[in-house]
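# Chains, contacts and geometry: an overview
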Amino acid sequence: MTGRRSGLSKDAAAREIEKLRRDVSYHDHRYYVLDDPEISDAEYDRLRERLVELEEEFPELVTPSSPTQRVGAPPLEAFREVRHSIPMLSLSNAFGEEGMLEFDARVKKLLVDADGLQYVAEPKLDGVAIELVYEKGRLSVGSTRGDGTTGEDVTQNLRTVRSIPLKLISEGKGTIPGLLEVRGEVIMRTSQFKRLNEERRQQEEPLFANPRNAAAGSLRQLDSSVTASRPLEVYFHGIGRVEGLSFRTHQELLSFLPRVGLRVSPLVKLCEDIHEAAVYYNDMMKMRDALEYEIDGVVIKVNELAQQEALGAISRSPRWALAVKFPGRQATTEILDIVVQVGRTGALTPVAVMEPVNLGGVTVSRATLHNQDEIDRKDVRIGDTVVVQRAGDVIPEVVSVVTSKRSGSERKFSLPEKCPVCGVGVVRLEGEVASRCVGMACAAKLRQSIRHFASKRAMDIEGLGGKTIEQLIEKELVASVADLYSLEKSELLKLERMGEKLAENILASIERSKNTTLPRLIFALGIRHVGEHLSRLLAEHFGRALDGSGGPADRGEQRTPSLGVLGRLAFAGQEELEQVGEVGPQVAQSIRSFFAQKENVDIIARLFAAGVTIAAGEPRAESGLAGKSFVFTGILERHAREEARRIVESLGGRVAHQVSRKVDFAVVGRDPGSKVDRARELGLRILTEQEFEELVREG
Ligand code: IVH
């Protein structure tokens, strides 16, 4: 309840609510079905908020088909069964053009009058088949296909899918059939599937094998609020029972559906003969990778419904339709070797080098094995015959091992203990799946390391942007952050778009950065999990005894005097590190493994030798963001996710993965997922990336 009263009479409220519902549904349709919004998100939010407000004030006026009523049904114990009034048949399959010609010949033979025979060609969406029942235009039941005769009642879940209208659009009296059973496919876009899996990976939940499994898993949830948080969409391609309406052709039906708000794939095509349909099949195969969702073939249907009826069905498949499958995207091949790639954050990814194999028209010779846990779980060995798959634009991956093909000469694989790029140690922190290189100057992550080092909250080297850093690395002028301090003007002037003035400014700010504080220096090192906030705590704890005379950490190791004030931190043991508030075993391990690398210690020593000096601490007032919780969604343009998390944490905030009432801010990037809808529904504060930056600055 907002507590704010509208001052409206019930009648006036009912009228306004009615209008708002029409408007919100209209804009939902423009956005989710037509993909063509007319108003800004803010305007839409205002309409919706007003509707929610009025419905809260007049709860007796709430109806199930109100656009506010998509979520909120209590979780079910089990799904009810639903009998389809007309069975949902399956399709007989064929591969390629030859199968299509056979189908065409069969159809022509069976039809007494094959004159004017046309086909409608459609993409075969790789999702979950559903049926929706609209009674007098209102969605009453939604079910899965099940065994074709009986499916599961997933009405509550389907109501959360925004491209499914709760109420059909009416073009005037008598345009909505009394009963309409409509059939379609629930899908998840490949990009959304990847995002969902990435979130699940971060939360260490099991991954979905492909978008279809993700869609099916999302639809079969007893708690519809889980479905609501998943980015599902629907396309319709057929009907069941209909009352009060009839069609002459399939094409007519497909043009009717969008008029009442039911989305039909824009890729359907009327074909004058089977040859046109074959061209369509080839075109679709070429388009396949560029589509935003998975299709596994095309479906060819006889256009005229009277001809469909005449053809009938045999053994649960209609004789008037054919699924023409694309070549599979799974294949078996042999693993010749396993190599290791080092990513920009230092994460090591094992990659299988394979005997080249054709996956749905693309030759593939490398596939990701993700990480050591996955290798162990699937027990993948060099020399194994494996099943590999490629889905959409997802990188090929090894799915499983064909153990029956083992000869005994296969070799097990473990990720190396030294980084294959820089030779420095590799560490897998407790509770993480990725093994990472901890080398400060590893070429794989140098660009990011230097960016971080020079950033405002670290050493604050003004003017040293990403492009400059890239060129410095490319021209081999810097190979570690320590090299920044020996840069000369003549070297900087070798870079593109570098003038005298800019070069002087950069050198001046490099010089200025030498006078820093201990928290900044610790933060600048880029130790995993050591953000700004922790850097401050560590500096407080380890920076006190600046005289460098022993102390609890001095356990007899060879001290490196040149490490100066960092000495105590560098040689601290697990126990002492964990004494620092907020430092857990994982962070302690991360710090220890960082300083255990001689290469890192050398670089730090060079920093001090170059004149980096520590001024007295820089106590900061408690930030206004302390204790606040953030959710990030969509593609962030200005920050890496990890960086955004560090910023929030450094200010004492927290990053949540799921939208809930406990979250204060939702930061929304490009192409956001359904989290943003949920955030809106919960009334969280929604920020653009720029607004987030402003908040942080004020913080
Ligand atoms: S027509 C009798 N059209 O493929 C007609 N099905 O094995 C049956 N599918 O369960 C369905 N895209 O879920 C049809 N454009 C399309 C389709 C399509 C995907 C699925 C459908 C069905 C399965 C058939």
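That block above? That's the structure.
Throughout what follows, the structure given in this document is the object of discussion.

Conventions used here
- Residues numbered from 1 in each chain as written.
- Predicted model: local features only at pLDDT ≥ 70, side-chain atom pairs only at ≥ 80, totals over all residues.
- Heavy atoms only, no water.
- Helix = DSSP H or I, 4+ residues; strand = E, 2+ residues; numbered from the N terminus.
- Buried < 20%, exposed > 50% of the residue type's maximum accessible area, 1.4 Å probe, protein only.
- Contact = heavy atoms within 4.5 Å.
- Areas by Shrake-Rupley, 256 points an atom, 1.4 Å probe, with all protein chains shown as cover.
- Disulfide = S-S within 2.5 Å.
- Phe/Tyr/Trp six-rings, centres within 6.5 Å; stacked < 30°, edge-to-face > 60°.
- Pairing = 2+ DSSP bridges.
- Axes fitted to C-alpha atoms, helices over the stretch in contact; angles between N-to-C directions.
- Core = buried A, V, L, I, M, F, W, Y, C linked by side-chain atoms within 4.5 Å.
- Near = heavy atom within 4 Å.
- Polar contact = N/O pair within 3.5 Å; in protein donor to acceptor, adjacent residues only side chain to side chain.
- Salt bridge = Lys/Arg side-chain N within 4 Å of Asp/Glu carboxyl O.
- Expected span 1.5 Å × (residues − 1).
- Arc of directions from axis to C-beta.

## Observations concerning the overall build of the chain
The secondary structure content of the chain amounts to 24 helices and 26 strands. When the backbone C-alpha atoms are referred to their principal axes, the chain occupies close to 100 × 80 × 55 Å. Burial status across the chain gives 50% buried among its 699 residues. A fraction of 69% describes how many contacts in the chain between residues 6 or more apart in sequence connect residues 24 or more apart. For the chain, the accessible area works out to roughly 33300 Å², and carbon and sulfur atoms hold 49% of it.

## What to know about the state of the cysteines
With the rule as written, the count across this model stands at 0 disulfides. Cys442 carries a free sulfur, and the closest cysteine sulfur to it, the one in Cys422, is 3.8 Å from it.

## Re the packing of aromatic side chains
Evaluated as defined, the whole model comprises 11 aromatic pairs. Between Phe594 and Phe595 the ring centres are 5.1 Å apart and the planes differ by 85°, which places this aromatic pair in the edge-to-face class. Accessibility classification places Phe594 together with Phe595 in one group, the buried group. Between the aromatic rings of Phe630 and Phe692, the centroid separation amounts to 5.8 Å while the plane-to-plane angle is 75°, which identifies the pairing as edge-to-face. Here Phe630 is found in strand β23 (residues 629-633), whereas its partner Phe692 is found in helix α24 (residues 689-698), with 62 residues between them in sequence.

## A word on the sheet that holds strand β13 (residues 321-325)
In space, the 5 strands of this open sheet follow the order β2-β13-β10-β3-β9, with mixed pairing throughout. With one partner strand each, in any of the chains shown, β2 (93-95) and β9 (269-271) form the two edges of the open sheet. Here the strands of the sheet are splayed against their neighbours by 35° on average, with no regard to which way each runs. Across the sheet, helix α3 (residues 96-110) lies against β2, β3 (119-125), β10 (295-302) and β13, angled at about 170° from β13, the strand it touches most.

## Notes on the nonpolar core
Core analysis: the largest hydrophobic core is formed by 56 residues, its most contacted members being Leu484 and Leu538. When residues of this core are traced back to their parent elements, those giving at least two are α12 (446-454), α13 (466-474), α15 (500-513), α16 (518-524), α17 (532-542), α18 (567-570), α20 (585-595) and α21 (598-609). If sequence neighbours within four positions are ignored, Leu484 has contacts with Ile450, Phe453, Ile461, Leu464, Leu472, Val478 and Ile510. Listed in part, the 34 residues of the second largest apolar core include Leu139, Ala215, Leu219 and Phe256.

## Digging into the site of the ligand
Around the ligand, 14 residues are found, and the nearest of them are Glu122, Leu125, Ala129, Glu185 and Lys301. Here Glu122 contributes a side-chain N or O atom positioned 2.7 Å from a nitrogen atom of the ligand. Between the ligand and the protein, one listed contact pairs an oxygen atom with a side-chain N or O atom of Glu185 at 2.4 Å. Burial of the ligand by the surrounding chains reaches 85%, relative to a free accessible area of 510 Å². For the shell around the ligand, the secondary structure elements donating two or more residues are β3 and β10. Ranked by residue count, the leading element in the shell around the ligand is β3, at 4 residues.

## Structural notes on the pattern of salt bridges
As enumerated under the stated definition, the model contains 50 salt bridges in all. Put simply, Asp126 and Arg212 hold a salt bridge, and the shortest N to O gap is 2.8 Å. A residue pair is termed long-range when its members are at least 10 positions apart, and Asp126 in the loop between β3 and β4 (128-135) and Arg212 in helix α6 (residues 211-219) qualify at 86 residues. For Arg212, a relative accessible area of 33% translates into the label partly exposed. Among the ionic pairs, Asp379 bridges to Arg381, the shortest N-O distance being 2.9 Å. What makes Asp379 partly exposed here is its relative accessible area of 25%. Salt bridges here are not isolated pairs; linked through shared partners, they connect Asp41, Asp45, Asp677 and Arg680.

## A short note on helix α9 (residues 274-287)
Here α9 spans 20 Å end to end across 14 residues, near enough to the 20 Å set by a 1.5 Å rise per residue. Residues of α9 that are buried include every one of Ile274, Ala277, Ala278, Tyr280, Tyr281 and Met284, and no others. When α9 is viewed along its axis, its buried side chains cluster within an angular range of 155° and face the same direction. In the core, the buried residues of α9 are packed alongside α3, β3, β9, β10 and β13. Residue Asp273 occupies the N-cap position of α9, its side-chain oxygen lying 3.0 Å from the main-chain nitrogen of His275.

## Concerning unusual backbone geometry
One non-glycine residue with positive phi stands out, namely Arg316, at about 70°. Within the fold, Arg316 resides in the loop between β11 (313-314) and β12 (317-318). The class for Arg316 is partly exposed, based on a relative accessible area of 42%.

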